[in-house]
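Breakdown of the fold
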Amino acid sequence: GSAKLTATGFLAHIQNEIIWQPYIGTEWTPINVGEVESKGIEFRANTDIRLNSRTSVHLEESYTLLDAKNITFGDPNNGNEIQYSSPTRSLFIAQLDLSECGSLSILTHYRGHEYSDPANTPDGKFQPVTTFDLTLCSREFSIEGIGLKLLLGIVDLTNQHFEDILNYPIPSRTYHFSIELNYH
């Protein structure tokens, strides 16, 4: 097999950052933050493992540590986290490929806490959440020169109820079915 590991650091000083926030119903309003410092690091790792001539496993992880703060001098929210900027995020993917059948993938999404308000109040705090998605993908079949794949997915397998944006709940468990056609 093969493996790859990368790390990317970032540091940004932003003047007059505009953050769009929900206002009333479907209306959004811009909020200006005088000065923002955003810094962090993203780690990425992946590996491919061949179990035999017809079976392989792909593993991938992306993990981000973020520190995005209001550093506007004289602002009552100086030192607070920027709204909707989670200090931790992770995406883990495990995929089992069976050349005779297709593939099975499991995705694990993690989002640390977030605040919906610039004051970082307890009422505006979204708790961390972890969700799991499952995808089955058939191998490609050929019907009169047209490649055909069937995909079945379940998003939010454990049926978490949460919001990423205040008053905008994420849909609970959803099912997806699709047919992919490839003309050769």
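Here, every reference points to the structure presented above.
Scope of this entry: the structure provided in the associated data block. What you see is a predicted model, and the numbers here were worked out from it, not measured in a lab.

Focus: the overall build of the chain
- Helices and strands together make up the secondary structure of the chain, namely 0 helices and 13 strands.
- Each helix (α) and strand (β) of the chain, taken in turn from the N terminus, gives the series β-β-β-β-β-β-β-β-β-β-β-β-β.
- Against the compact-globule benchmark of 16 Å for 184 residues, the chain has a radius of gyration of 21 Å, which places it well outside the compact range.
- Here the C-alpha coordinates of the chain stretch approximately 70 × 40 × 30 Å along the principal axes.
- For the chain, buried positions account for 29% of its 184 residues.
- Carbon and sulfur atoms make up 59% of the accessible area of the chain, which totals about 11,400 Å².
- Considering the chain, the positive charge centre built from 12 side chains and the negative charge centre built from 23 side chains are found 9 Å apart.

Structural notes on the pairing of strand β8 (residues 129-138)
- Both strand β5 (residues 102-111) and β8 contribute to a ladder of 10 bridges, which runs antiparallel. Residue Tyr110 lies in a different strand from β8, and its bridge partner there is Thr130.
- Taken together, the 4 bridges between β8 and strand β10 (residues 146-155) define a ladder with antiparallel strand orientation. Paired with Leu134 across the two strands is Ile154, which belongs to β10.

Concerning the side chain of Asp156
- Topologically, Asp156 is positioned in the loop between β10 and β11 (163-165).
- Buried Asp156, no salt bridge; nearest opposite-charge side chain is Arg173, N-O distance 6.7 Å.
- Contact partners of Asp156, with chain neighbours within four places excluded, come to Thr131, Phe132, Asp133, Phe162, Pro171, Ser172 and Arg173.

Quick word on unusual backbone geometry
- One non-glycine residue with positive phi stands out, namely Asn120, at about 55°.
- Its place among the elements puts Asn120 in the loop between β6 (114-115) and β7 (125-126).
- Although it is not a glycine, Glu144 sits at a positive phi angle of roughly 50°.
- Structurally, Glu144 can be placed in the loop between β9 (141-143) and β10.
- By relative accessible area, which is 80% here, Glu144 ends up exposed.

Some words on the side chain of Asn77
- Secondary-structure assignment places Asn77 in the loop between β3 (55-70) and β4 (88-98).
- Residue classification places Asn77 among the buried positions, given a relative accessible area of 16%.
- Leaving out residues up to four positions away in the same chain, Asn77 has contacts with Asn70, Pro118 and Ala119.

A look at the nonpolar core
- Counting 5 residues, the largest nonpolar core is built from Ile19, Val33, Val36, Ala68 and Ile82.
- When sequence neighbours within four positions are dropped, the list of residues in contact with Ala68 reads Glu37, Ser38, Asn80, Glu81, Ile82 and Ser85.

Some details on the pattern of salt bridges
- Applying the stated rule across the entire model yields 7 salt bridges.
- Salt-bridge contacts for Glu37 lead to Lys39; the nearest nitrogen and oxygen are separated by 3.5 Å.
- Under the relative-accessibility criterion, Lys39 is labelled partly exposed at 35%.
- One salt bridge in this structure joins Asp164 and Arg111, with 2.3 Å as the shortest N-O distance. A residue pair is termed long-range when its members are at least 10 positions apart, and Asp164 in strand β11 and Arg111 in strand β5 qualify at 53 residues.
- If you follow the salt bridges from partner to partner, you end up with Glu37, Lys39, Asp67 and Lys69 in one network.

Parameters and conventions
- Residues numbered from 1 in each chain as written.
- Predicted model: local features only at pLDDT ≥ 70, side-chain atom pairs only at ≥ 80, totals over all residues.
- Heavy atoms only, no water.
- Helix = DSSP H or I, 4+ residues; strand = E, 2+ residues; numbered from the N terminus.
- Rg over C-alpha atoms; globule rule 2.2 N^0.38 Å.
- Buried < 20%, exposed > 50% of the residue type's maximum accessible area, 1.4 Å probe, protein only.
- Areas by Shrake-Rupley, 256 points an atom, 1.4 Å probe, with all protein chains shown as cover.
- Lys, Arg positive; Asp, Glu negative; His and termini not counted.
- Charge placed at Lys NZ, Arg CZ, Asp CG, Glu CD.
- Pairing = 2+ DSSP bridges.
- Salt bridge = Lys/Arg side-chain N within 4 Å of Asp/Glu carboxyl O.
- Contact = heavy atoms within 4.5 Å.
- Core = buried A, V, L, I, M, F, W, Y, C linked by side-chain atoms within 4.5 Å.

Read these as spatial facts, not as claims about activity.
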